[in-house]
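Observations on the three-dimensional arrangement
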Amino acid sequence: MYIYKAGVVGGGTMGAGIAQVISYSGVPVVLKEVTPELADKAVKIARSIYQGRVDKGKMSPQELESKMALISAVTDYAEFQDADIVIEAVPERMELKKKVFAELDRHCQPSAILASNTSALSISALASATKRPGKVIGIHFFFPAHVMKLIEVIPGLLTAQETVDDATAFSESLRKLPVRVNECPGFLVNRLLMPYLNEAVICLQEGSAALSEIEQAMMALGWPMGPFTLVDALGLDVCAEAGKVLLEGYGARMQPARLWEELIAANRLGRKNGAGFFRYAQAADTKSAGAEDEALKKLIAQAQAAQPLQKGKFSPERLMYGMVNEAVLSLQENVSTAADIDLGVVAGLGYPLERGGILHYADSAGVDNILQGLEAFTREFGFRFHPAHRLRRMVAAGLTGVGSKRGFFDYA
Ligand SMILES: NC(=O)c1ccc[n+]([C@@H]2O[C@H](COP(=O)([O-])OP(=O)(O)OC[C@H]3O[C@@H](n4cnc5c(N)ncnc54)[C@H](O)[C@@H]3O)[C@@H](O)[C@H]2O)c1
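Read on for a plain summary of the structure.

A few points about the sheet that holds strand β4 (residues 85-88)
The strand order across the open sheet formed by 8 strands is β3-β2-β1-β4-β5-β6-β7-β8, and the pairing between neighbours is mixed. The open sheet terminates on both sides in strands that have one partner only, identified here as β3 (71-74) and β8 (177-180). Across the sheet, the axes of successive neighbouring strands diverge by a mean angle of 25 degrees, strand direction being ignored.

Considering the environment of Leu296
For Leu296, the position within the fold is in helix α12 (residues 294-306). Among all residues touching Leu296, those that are not within four sequence positions of it are Leu211, Leu263, Arg268 and Phe277.

Details of the packing of helix α7 (residues 189-206) against helix α8 (residues 211-220)
Geometrically, a packed helix pair is captured by the angle between its two axes and the distance between the axes. α8 packs onto α7 with a crossing angle of 145 degrees between their chain directions and a minimal axis gap of 9 Å. The element α7 and its partner α8 pack so that their crossing is right-handed. In this structure, α7 uses Tyr196, Ala200, Cys203 and Leu204 to contact α8, whose residues at the interface are Leu211, Ile214 and Met218. In terms of residue class, the contact of α7 with α8 is made up of 7 nonpolar, no polar and no charged.

Description of the nonpolar core
One finds Ile214, Trp223, Phe277, Met320, Ile358, Leu359 and Phe408 to be the most contacted residues of the largest nonpolar core, which totals 97 residues. Top element by residues in this core is α7. It accounts for 11 residues. The residues contacting Trp223, other than those within four sequence positions of it, are Tyr196, Met218, Met320, Met323, Val345, Leu349 and Tyr351. Listed in part, the 34 residues of the second largest apolar core include Met14, Met59, Leu64 and Phe170.

Thoughts on the site of the ligand
Around the ligand, the surrounding shell holds 21 residues, and the nearest of these are Met14, Lys32, Glu33, Glu92 and Lys97. Here an oxygen atom of the ligand sits 2.5 Å away from a polar atom, N or O, in the side chain of Glu33. Within the contact set of the ligand, an oxygen atom lies 3.5 Å away from a backbone nitrogen or oxygen of Val90. Protein coverage of the free-state accessible area of the ligand, which is 840 Å², stands at 76%. A molecule is said to occupy a pocket when more than half its atoms come within 2 Å of that pocket's grid points, and by this definition the ligand occupies the largest pocket. Put simply, the parts of the chain that give the shell around the ligand at least two residues each are α4 (94-107) and β6 (136-141). Here the residues of the shell around the ligand are counted per class, giving 10 nonpolar, 7 polar and 4 charged.

About the criteria used
- Residues numbered from 1 in each chain as written.
- Predicted model: local features only at pLDDT ≥ 70, side-chain atom pairs only at ≥ 80, totals over all residues.
- Heavy atoms only, no water.
- Pairing = 2+ DSSP bridges.
- Helix = DSSP H or I, 4+ residues; strand = E, 2+ residues; numbered from the N terminus.
- Axes fitted to C-alpha atoms, helices over the stretch in contact; angles between N-to-C directions.
- Contact = heavy atoms within 4.5 Å.
- Left-handed = near helix turned anticlockwise from the far one by under 90°.
- Nonpolar A, V, L, I, M, F, W, Y, C, P; charged D, E, K, R; others polar.
- Core = buried A, V, L, I, M, F, W, Y, C linked by side-chain atoms within 4.5 Å.
- Buried < 20%, exposed > 50% of the residue type's maximum accessible area, 1.4 Å probe, protein only.
- Near = heavy atom within 4 Å.
- Polar contact = N/O pair within 3.5 Å; in protein donor to acceptor, adjacent residues only side chain to side chain.
- Areas by Shrake-Rupley, 256 points an atom, 1.4 Å probe, with all protein chains shown as cover.
- 1 Å grid on protein atoms, 1.4 Å probe; cavity = no way out; pocket = protein on both sides within 12 Å on 5 of 7 lines; lining within 4 Å.
- Sits in = over half its atoms within 2 Å of the grid points.

Put into structure tokens, the structure is as follows:
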């Protein structure tokens with residue numbers, strides 16, 4: 001299917017960037033907002049992204065104007081009637097999104113794909129608001145949409161294969177890296193990331209390591225930043241929302257550490273308001289490194305008093321093996337392929353490309369060692385480390401990774 005025209009509903013943090021990305025690929029895009037002022041604001045955001053390219057000498061001012069001419073901002077659905085694909089990026093509320101999908105279903109041609117940029121809501125539920133569930137799909141961009149390469153393409157229960165193929169081809173035409181993710185709570189990237197971040201917070205709460213020690217240990221394994229720096233950038237409230245979805249979806253193994261709640265109650269939401277795990281010189285400070293402060297120590301003590309955790313030994317493997325296990329659970333549930341899981345970790349979480357991703361990490365560490373490690377962690381810390389059964393089957397079959405030349409991948 002060729003996309004001659006696209007639509008975006010909602011021009012906030014994500015929608016404005018998505019409209020810019022689409023226009024950059026040369027496709028005309030209609031962006032709908034609720035008021036002309038918000039529509040103008042979204043267009044200005046798209047322009048400022050282009051201006052950044054002009055300032056760096058990557059684009060001429062004429063090119064900027066020709067790309068901007070592809071974006072039209074509106075406040076109703078009239079211009080959506082000949083769009084081939086529409087991406088919804090309104091706030092994360094099911095009722096609101098369902099209303100938007102019902103409107104899109106009424107106004108768009110029957111062949112149009114209706115996509116959602118939702119981070120966590122069910123695509124199948126959104127599809128139920130339309131008469132074309134086969135044409136409804138998740139196209140999940142990451143923030144900032146014009147920078148991040150990864151897109152999760154998420155079919156719902158009734159999404160047609162043709163729609164998956166078209167959404168994947170469209171994502172590639174935007175010069176992005178799409179991974180297919182069968183619908184599950186947290187989709188792929190958040191599902192892998194949150195247990196990793198939560199384990200870092202558990203280690204901090206139980207007092208097994210200091211903030212800086214955990215940060216440095218994870219960066220030494222190749223991560224571009226420490227887990228607490230990442231949480232502060234994402235926002236503690238945003239992470240806590242994702243944590244809720246995972247707890248509801250997967251049960252007690254996703255139980256968040258109490259420390260999240262203590263920080264949020266103390267209004268430490270991350271960089272955006274000047275303090276999270278670290279303290280920053282000012283709110284929305286994107287540049288300076290955070291500093292550790294005494295107030296955090298008090299919050300850690302408070303969390304530990306409310307939810308006493310046995311003090312264990314900190315090791316970076318506690319964080320890594322938890323992520324490996326969640327990746328293997330995703331694999332055995334057919335959420336994604338091994339290659340797509342690794343692409344998600346590299347392009348979505350910044351794990352070094354040369355190390356290949358989390359399942360390549362498991363192959364290098366040895367699948368047998370990972371299994372033994374998870375069993376030891378289960379004895380020490382409880383069932384959140386209970387190994388995915390696929391790991392046992394792999395070890396029994398001799399598929400132990402790089403050493404045996406076959407693991408999650410082949411090493412002929
Ligand atoms: N912010 C992120 O980092 C991020 C990353 C990936 C996905 N998402 C998802 O993207 C979606 C949008 O998030 P956001 O952060 O851009 O939200 P936002 O609040 O910044 O922007 C949403 C915009 O939608 C507009 N809107 C509301 N109702 C509308 C309607 N009926 N018609 C047209 N516009 C309408 C609002 O005016 C607002 O400008 C959410 O589902 C979110 O979960 C967000």
